[in-house]
Amino acid sequence: MREQLQQCEKLVKGIYESMDASHDFQHIERVYNNALAILKTEPSANEKIVCLSVLLHDVSDSKYTTDKSNEERILNELKLTAEERKHIQTVIAEVSFNGGNELPATTIESKIVRDADRLDAIGAVGIARTFAYGGAKGRKLYDDSEEVRFQMTEDQYRSQSTASVTHFYEKLLLLKDLMVTEKGCEMAEERHNYMVQFLDQLKKERDGIL
């Protein structure tokens, strides 16, 4: 397993280095560490599937490419069994939020990777990533004229460029209650509370209260 993980890491690094700071290889490293923490509490999970899924989960991210060949090419090079390959592809498909149109997490491996990825979307790192992505896309910090969307299609979620603060209300503040592992729920609590405090502070500063 170790050799395949090392091989996979080498194959994905260059891809993530071409992305902005919100989805670079440091993001993958943090998600990997989150997944390892959750794995310790889920002994029935397949560690190899979890770790490879983490390394691969953003290589064909639709925010950066419409080409799925990165994922296919790397899976081919890793020489996995047909069952392992299918399992990893299922986990990757079940990770995304998709504007609230997510697929059900059907295995413990999917649940672990989903929670690990979402933990990196909240808290201090989540705040930094949100504004890094918004800056890379030329988005406003905030826009009070925007109406927060609680019901939207995946296409609407992907295509409309909302301000960074709006993204907190459309996704990030929802994630704590969408965690599916016990450890993920536990880890999300403090991070969620930190985001709430940050948004309160931001509002005070921008409104000239402080």
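Here the residue index of a chain counts from 1 through its sequence in written order. In view of the model being predicted, local features appear only for residues whose pLDDT reaches at least 70, and side-chain atom pairs are presented and counted only at 80 or more, with totals across whole chains, interfaces and linings using the full set of residues. Note that the side-chain values use all heavy atoms of the structure and ignore hydrogens as well as water.

(A) Summary view of the overall build of the protein chain. What the protein chain contains, in helices and strands, is ten helices and zero strands. For the protein chain, the sequential pattern of α-helices and β-strands runs α-α-α-α-α-α-α-α-α-α. We compute the radius of gyration over the C-alpha atoms and compare it with the globule rule, which gives 2.2 Å times the number of residues raised to the power 0.38. Taking 17 Å as the expected radius of gyration for a compact globule of 210 residues, we find that the protein chain reaches 17 Å, a close match to that expectation. Expressed as lengths along the three principal axes of its C-alpha atoms, the size of the protein chain is roughly 60 × 35 × 30 Å. For the exposure calls, accessible area comes from a 1.4 Å probe over protein chains only, and a residue counts as buried if that area is under 20% of its type's maximum, exposed if over 50%, partly exposed in between. A burial count over the protein chain gives 45% of its 210 residues as buried. Taking all contacts inside the protein chain whose residues are at least 6 apart in sequence as the whole, residues at least 24 apart take part in 64%. Note on areas: Shrake-Rupley with a 1.4 Å probe; residue coverage comes only from the protein chains shown. Split by element, the accessible area of the protein chain, about 11,000 Å² in all, is 48% carbon and sulfur. Side-chain charges of the protein chain comprise 28 positive and 37 negative groups, with the mean position of each set lying 2 Å from the other. Only runs of H or I of at least four residues qualify as helices and only runs of E of at least two qualify as strands under DSSP, and these elements are numbered from the N terminus. It only takes one pair of heavy atoms within 4.5 Å for two residues to be counted as in contact. The charge count includes Lys and Arg as positive and Asp and Glu as negative, but it does not include His or the ends of the chains. Charge positions are represented by NZ for Lys, CZ for Arg, CG for Asp and CD for Glu.

(B) Main features of the packing of aromatic side chains. Two aromatic rings, drawn from Phe, Tyr or Trp (for Trp, its six-membered ring), form a pair once their centres lie within 6.5 Å of each other, and the interplanar angle then sorts them: stacked below 30 degrees, edge-to-face above 60, tilted otherwise. Evaluated as defined, the whole model comprises five aromatic pairs. A centroid spacing of 6.0 Å and a plane angle of 45° characterise the contact between Phe131 and Phe168, whose relative ring orientation is tilted. Within this pair, whereas Phe131 is found in helix 7 (residues 123-136), its partner Phe168 is found in helix 9 (residues 164-170), the two being separated by 37 residues in sequence. Phe168 sits in the buried class, given a relative accessible area of 0%. Aromatic ring contacts, followed pair by pair, group Phe131, Phe168 and Phe198 into a single cluster. Over a ring means this: the NZ of a Lys or the CZ of an Arg is within 6 Å of the ring centre and within 35 degrees of the ring normal. Taking the ring centre of Tyr142 as reference, the NZ or CZ of Arg206 above it sits at 4.1 Å.

(C) Examining the packing of helix 5 (residues 82-93) against helix 6 (residues 108-119) more closely. Note on geometry: axes are lines fitted to C-alpha atoms, helical ones only across the stretch in contact, with angles between N-to-C directions running from 0 to 180 degrees. With their axes 9 Å apart at the nearest point, helix 5 and helix 6 run at an angle of 40° to one another. As summarised for this structure, helix 5 and helix 6 are arranged oblique, according to the angle between their axes. Once helix 5 is placed against helix 6, the crossing between them reads as right-handed. Residues His87, Thr90 and Val91 of helix 5 lie in contact with helix 6, whose contacting residues are Glu109, Ser110 and Val113. Tallied by class, residues from the contact of helix 5 with helix 6 come to two nonpolar, three polar and one charged. Roughly parallel means an angle under 35 degrees; roughly antiparallel, over 145; roughly perpendicular, 65 to 115; everything else is oblique. Put simply, a crossing is left-handed when the front helix is turned counterclockwise from the back one by less than a right angle, and right-handed when it is turned clockwise. Only Asp, Glu, Lys and Arg are considered charged, only Ala, Val, Leu, Ile, Met, Phe, Trp, Tyr, Cys and Pro nonpolar, and every remaining residue, Gly among them, polar.

(D) Just the environment of Ala163, in detail. Following the sequence through the fold, Ala163 ends up in the loop between helix 8 (154-159) and helix 9. Since its relative accessible area comes to 1%, Ala163 is described here as buried. For the pair formed by Ala163 and Leu141, sequence separation is 22 residues and the distance between their alpha carbons is 5.6 Å. Leaving out residues up to four positions away in the same chain, Ala163 has contacts with Lys140, Leu141, Tyr142, Asp143 and Glu146.

(E) Expanded view of helix 7. End to end, helix 7 covers 20 Å across 14 residues, agreeing with the expected 20 Å (1.5 Å per residue, within 8%). Along helix 7, the residues that are buried comprise Gly123, Gly126, Ile127, Arg129, Thr130, Tyr133 and Gly134. Angularly, the buried residues of helix 7 cover 165° about the axis, an arc narrow enough to put them on a single face. In the core, the buried residues of helix 7 are packed alongside helix 2 (25-39), helix 9 and helix 10 (182-206). Taken from the residues just after helix 7, Gly138 is the one with a positive phi, measuring 70°. One fewer than the residue count of a helix, multiplied by 1.5 Å, yields its expected span. The directions considered for the arc run from the helix axis to the C-beta atoms.

(F) Inspection of helix 6 at higher detail. The end-to-end C-alpha separation of helix 6 is 16 Å, in line with the 16 Å expected for twelve residues at 1.5 Å each. In terms of burial, helix 6 is a largely internal element, ten of the twelve residues being buried. The complete set of buried residues in helix 6 reads Glu109, Ser110, Ile112, Val113, Arg114, Asp115, Ala116, Asp117, Arg118 and Leu119. Those residues of helix 6 that are buried are in contact with helix 2, helix 3 (47-56), helix 5 and helix 10.

(G) A look at the nonpolar core. Only buried residues count toward a nonpolar core. Its members are Ala, Val, Leu, Ile, Met, Phe, Trp, Tyr and Cys residues joined through side-chain atoms within 4.5 Å. In this structure, Cys8, Val12, Leu56, Ile74, Ile88 and Ile122 are the most contacted members of the largest nonpolar core, which totals 47 residues. The element that contributes the greatest number of residues to this core is helix 3, accounting for seven residues. The contacts of Ile88, once residues within four sequence positions are left out, are Ile49, Leu52, Ser53, Leu56, Leu75 and Leu80.

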